[in-house]
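Per-entry structural report
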Amino acid sequence: FFFQAEDGIRDFCLSRGLGDVYKRQATCPGAKFPDSSNVCQACTLANCDKCSSATVCATCASGNLLQNGACVGTASCTTYTYNGACLTTCPAGTIAVETPNKICSNCPNYCNTCSSTSTCTACKTGYILYNGQCYTSTTCPTGTYYNGTNCVACITNCAACSNGITCDTCSGGFFKQNSLCVSSCPSATFTSGSECRNCPQDCVQCSGAAACQTCKTGYTLYNGGCVLNCPQGTFFDSAHVLCVDT
């Protein structure tokens, strides 16, 4: 249970069988702060809403900025403002912006240093820099893969890959042919969803895996495939270059 002492310090009492264990927790009200004896003392610093010690302010009153533990008016800050403080230099993960007001503006996520608010130049430990942004090994952006050290671009027109040689999924409007991405399926293949699939053997144009439309020179169309010679029970139709059942 808790009880409030006269000095404003809230004590925590925990019953543990053979005796009581007490843990003093300083929760001083308002601007007050706990001294070395955990006694709440009044904060006397000008324009300070909350002190962390007798000489250091933690939070300034509205309209003021924290500067080296003290509170100064906004107009008095001639350097950079950031998170309610007046700073001489911008901290890691931010960049100094001179106009219209001198402020420290946040870099992109997980970034230590940046050349603008949208372009990172060095990421925090454990993150990978790619095209001005920071990623982890499992969050490399679309069109890239993690090679053990960096995020690396997939082959041309590829949206997802696991290496720099083959593609798993092509970008919109492209078709996967073997390990590449093409804008249209080449001769001797047909379109199946987002992939190019091979026509039957010796076929140069088809509409499906068993639906040849045009055979290679020297071959004749028969039952959706291509043959060198018309089989027994058929004859060669020279006008249409196909074998026809008798």
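Before reading further, recall that the structure is shown in the block above.
In this text, all values refer to a predicted model and were calculated from it rather than measured experimentally. (Residues numbered from 1 in each chain as written. Predicted model: local features only at pLDDT ≥ 70, side-chain atom pairs only at ≥ 80, totals over all residues. Heavy atoms only, no water.)

1. Here's the deal with the overall build of the protein
- Of regular secondary structure, the protein possesses zero helices and 31 strands.
- Pairs at least 24 apart in sequence give 6% of the contacts found in the protein among residues at least 6 apart.
- Total accessible area computed for the protein in this model is approximately 14,900 Å², and 50% of it derives from carbon and sulfur atoms. (Helix = DSSP H or I, 4+ residues; strand = E, 2+ residues; numbered from the N terminus. Contact = heavy atoms within 4.5 Å. Areas by Shrake-Rupley, 256 points an atom, 1.4 Å probe, with all protein chains shown as cover.)

2. As for the pairing of strand E8 (residues 64–67)
- Pairing of E8 with strand E9 (residues 70–73), which is carried by four bridges, proceeds in the antiparallel orientation. Residue pairing across strands places Gln67 opposite Ala70, the latter belonging to E9.
- Linking E8 back to E9 in an antiparallel pair, the connection comprises two residues, with Asn68 at a positive phi of about 55 degrees. (Pairing = 2+ DSSP bridges.)

3. Here we look at the pattern of salt bridges
- Counting across every chain of the model gives two salt bridges.
- Note that Glu195 is salt-bridged to Arg197, the shortest N-O span being 3.5 Å.
- Under the relative-accessibility criterion, Glu195 is labelled partly exposed at 29%.
- Exposure remark for Arg197: the relative accessible area of 41% places this residue in the partly exposed category.
- Note that Lys216 is salt-bridged to Asp202, the shortest N-O span being 3.9 Å. With Lys216 in the loop between strand E27 (211–215) and strand E28 (220–222) and Asp202 in the loop between strand E25 (195–198) and strand E26 (203–208), this residue pair connects regions lying 14 residues apart in the sequence.
- Given a relative accessible area of 16%, Asp202 falls into the buried group. (Salt bridge = Lys/Arg side-chain N within 4 Å of Asp/Glu carboxyl O. Buried < 20%, exposed > 50% of the residue type's maximum accessible area, 1.4 Å probe, protein only.)

4. Re the state of the cysteines
- For the structure on display, the rule yields 18 disulfides.
- Residue pairing for Cys140: its cysteine sulfur links by disulfide to Cys151, the two sulfurs lying 2.0 Å apart. Here the S-S torsion is close to -80 degrees, and the disulfide linking Cys140 with Cys151 is therefore left-handed. Here Cys140, found in the loop between strand E17 (133–135) and strand E18 (144–146), pairs with Cys151, found in strand E19 (residues 151–153); they are 11 residues apart in sequence, far enough to count as distant.
- Overall, Cys151 belongs to the buried group, its relative accessible area being 5%.
- Each sulfur of the disulfide joining Cys199 and Cys206 lies 2.0 Å from the other. (Disulfide = S-S within 2.5 Å.)

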